[in-house]
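Close look at the chain arrangement
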Amino acid sequence: MKVAVLGAKGRMGAEAVAAINSATDLTLSAALDLGDSLDQLVSTGTEVIVDFTTPDSVMKNLEFAINNDIHVVVGTTGFDDKKLEQLKSLLSNHPKVGALIAPNFGLGAVLMMQFSQTAAKYFESAEIVEMHHANKVDAPSGTAIRTAQMITDARKQSKKSAMPDATKSELPGARGGKVGDVPVHSIRSHGYVAHQEVIFGDAGETLTIRHDSINRAGFMPGVLIGVRNVAKHPGLTVGLENYMGGM
Ligand code: NAP
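About the criteria used
- Residues numbered from 1 in each chain as written.
- Predicted model: local features only at pLDDT ≥ 70, side-chain atom pairs only at ≥ 80, totals over all residues.
- Heavy atoms only, no water.
- UniProt positions renumbered as here; feature names shortened; annotations may be inferred.
- Helix = DSSP H or I, 4+ residues; strand = E, 2+ residues; numbered from the N terminus.
- Near = heavy atom within 4 Å.
- Polar contact = N/O pair within 3.5 Å; in protein donor to acceptor, adjacent residues only side chain to side chain.
- Areas by Shrake-Rupley, 256 points an atom, 1.4 Å probe, with all protein chains shown as cover.
- Nonpolar A, V, L, I, M, F, W, Y, C, P; charged D, E, K, R; others polar.
- Domains from an automatic or database assignment.
- Contact = heavy atoms within 4.5 Å.
- Buried area = accessible area lost by both parts, 1.4 Å probe.
- Salt bridge = Lys/Arg side-chain N within 4 Å of Asp/Glu carboxyl O.
- Buried < 20%, exposed > 50% of the residue type's maximum accessible area, 1.4 Å probe, protein only.
- Phe/Tyr/Trp six-rings, centres within 6.5 Å; stacked < 30°, edge-to-face > 60°.
- Lys NZ or Arg CZ within 6 Å of the ring centre and 35° of its normal.
- Pairing = 2+ DSSP bridges.
- Axes fitted to C-alpha atoms, helices over the stretch in contact; angles between N-to-C directions.

What follows is about the UniProt feature "domain: Dihydrodipicolinate reductase N-terminal" (unreviewed entry) in the protein. UniProt's entry tags residues 1-105 with the feature "domain: Dihydrodipicolinate reductase N-terminal" (unreviewed entry), counted in the numbering of this structure. Here residues 1-105 runs as 36% helix and 22% strand, with 20 Å between its end C-alpha atoms.

Around the ligand lies a shell of 20 residues, among which Met12, Ser57, Thr77, Ala102 and Phe105 are the nearest. Interatomic distance of 2.9 Å between a backbone N/O atom of Arg11 and an oxygen atom of the ligand. In the complex, the protein chains occlude 73% of the 930 Å² of accessible area that the ligand would expose alone. Here the shell around the ligand is built from residues that sort into seven nonpolar, ten polar and three charged.

As a further point, take the domain arrangement of the protein. Domain annotation for the protein reports domain 1 (2-101 + 216-243) and domain 2 (107-213). Using only C-alpha atoms to locate each centre, domain 1 and domain 2 end up separated by 29 Å. Each side of the interface is counted separately: domain 1 has six residues, and domain 2 has five residues. When the buried surface of domain 1 facing domain 2 is broken down by residue, Phe219, Leu240 and Glu241 rank first, second and third, together holding 66% of it. Scanning the region where domain 1 abuts domain 2 turns up one salt bridge. Linking Glu241 and Arg146 is a salt bridge whose minimum nitrogen-to-oxygen distance equals 3.9 Å. Viewed at the interface, domain 2 and domain 1 are joined by zero residue pairs in polar contact (both at pLDDT 80 or more). No other element matches helix H7 (residues 220-229), which puts three residues into the side of domain 1 that touches domain 2.

Turning our eyes to something else, we now look at the UniProt feature "binding site: (S)-2,3,4,5-tetrahydrodipicolinate" (unreviewed entry) in the protein. Residues given the UniProt feature "binding site: (S)-2,3,4,5-tetrahydrodipicolinate" (unreviewed entry) here are His133, Gly142 and Thr143. Its location among the elements puts His133 in the loop between strand E6 (125-132) and helix H6 (142-157). One can find Thr143 in helix H6. Judged by relative accessible area, Thr143 falls into the buried class, the value being 13%. The residues touching Thr143, leaving out its near neighbours within four places in the chain, are Asn104, Met112, Met113 and Gln196.

This part takes up the packing of aromatic side chains. The relative placement of two aromatic rings is captured by the distance of their centres and the angle of their planes. One pass over the structure, following the stated rule, counts two aromatic pairs. Plain terms: the ring middles of Phe52 and Phe105 are 5.8 Å apart, the flat faces sit at 65° to each other, and that makes the pair edge-to-face. Taken together, the positions of Phe52 in the loop between strand E3 (48-51) and helix H3 (58-67) and Phe105 in the loop between strand E5 (98-101) and helix H5 (107-120) put the pair 53 residues apart, joining distant regions of the chain. Here Phe105 falls in the buried class, since its relative accessible area comes to 3%. Ring centres of Phe123 and Phe200 lie 5.7 Å apart, and the angle between their planes is 40°; on these two criteria the pair is classed as tilted. Here Phe123 is found in the loop between H5 and E6, whereas its partner Phe200 is found in strand E9 (residues 194-202), with 77 residues between them in sequence. Stacked on the ring of Phe79, the Lys or Arg Lys83 has its end atom at 5.6 Å from the ring centre.

Turning next to the sheet that holds strand E7 (residues 177-179). Taken in spatial order, the five strands make up an open sheet running E7-E8-E6-E9-E10, and their pairing is mixed. A strand with exactly one partner marks an edge of an open sheet, and here the two such strands are E7 and strand E10 (205-213). This sheet shows a mean twist of 25° between the axes of neighbouring strands, independent of strand direction. Bridge count between E9 and E10: nine bridges; the pairing is antiparallel. Among the inter-strand pairings, Ile199 is bridged to a residue of E10, identified as Thr208. Contacting E9 and E10, H5 runs over the sheet at an angle of about 165° to E10. Running over the sheet, H6 touches E6, E7, strand E8 (182-188) and E9 and is turned about 170° from E6.

Moving on to the sheet that holds strand E2 (residues 27-32). Taking strand neighbours across the sheet as the criterion, the six strands line up as E2-E1-E3-E4-E5-E11 in an open arrangement whose pairing is parallel. Looking at which strands have only one partner, the edges of the open sheet turn out to be E2 and strand E11 (235-238). In this sheet, neighbouring strand axes are inclined to one another by 15° on average, regardless of whether the strands run parallel or antiparallel. Note: strand E1 (residues 2-6) against E2, five bridges, orientation parallel. When the bridges of E2 are listed, Val5 appears paired with Ala31.

Below you can see the structure in the form of structure tokens.
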């Protein structure tokens, strides 16, 4: 399979180039960065692109790829409802093309979210503590937001009542930021890469589910699952977990 990487000189893109080069079933057809012509995707016969660029650049890249019937595997963040609608509309004219938007390619991170969704049904309390390097510009992390949404949905489905919390006075922020039902606490410090703990509590016991990203290479097994499976999933898929059932 011929695979091109967009954002190839970036931190994630460079890892993706290395991962594709070391996979015997994949051929790196192009490694493009800012300023390179997208026409190379067509002239090299690229079948799948991996995009690790920027939220401002990504839609133009995806539009070009989809209009040329090239499947897309996207790690670039910042996909709001508006962008997802735009993508759906592009894909509707190319029904055989697959598009995977993966907010987190870490297999452990995906499993952490799934385990949390399962646990949410059984515990009264749930809180998230996420820890990232001090250069991260957004808080909470996209993964923490997604986890909190999944926990909130699971609580709604199992008709859980409000979490117990007797706090009457608080320093602003001391109880974290709420995403759905779930307080999320963000720590930014040198020494961290990307880490998250989901803490569940009920009378007499707690359960902590923790995931640690050690380096960017840890995302690559997930990227390769995306690349190898995207053609089998025409249309839009959000979340790598949707490709992991058949593994
Ligand atoms: P980065 O180091 O800044 O890399 C982005 C690269 O894309 C840069 O080399 C940039 O060039 C290039 N670029 C910008 N516009 C482009 C375009 N139109 N065509 C081709 N290349 C273009 O960032 P990063 O840390 O690798 O992260 C990239 C994205 O992945 C971010 O959105 C980040 O949040 C996301 N991410 C996702 C996951 C996941 O698991 N889904 C994990 C980590 C990061 P210039 O430097 O010249 O602008």
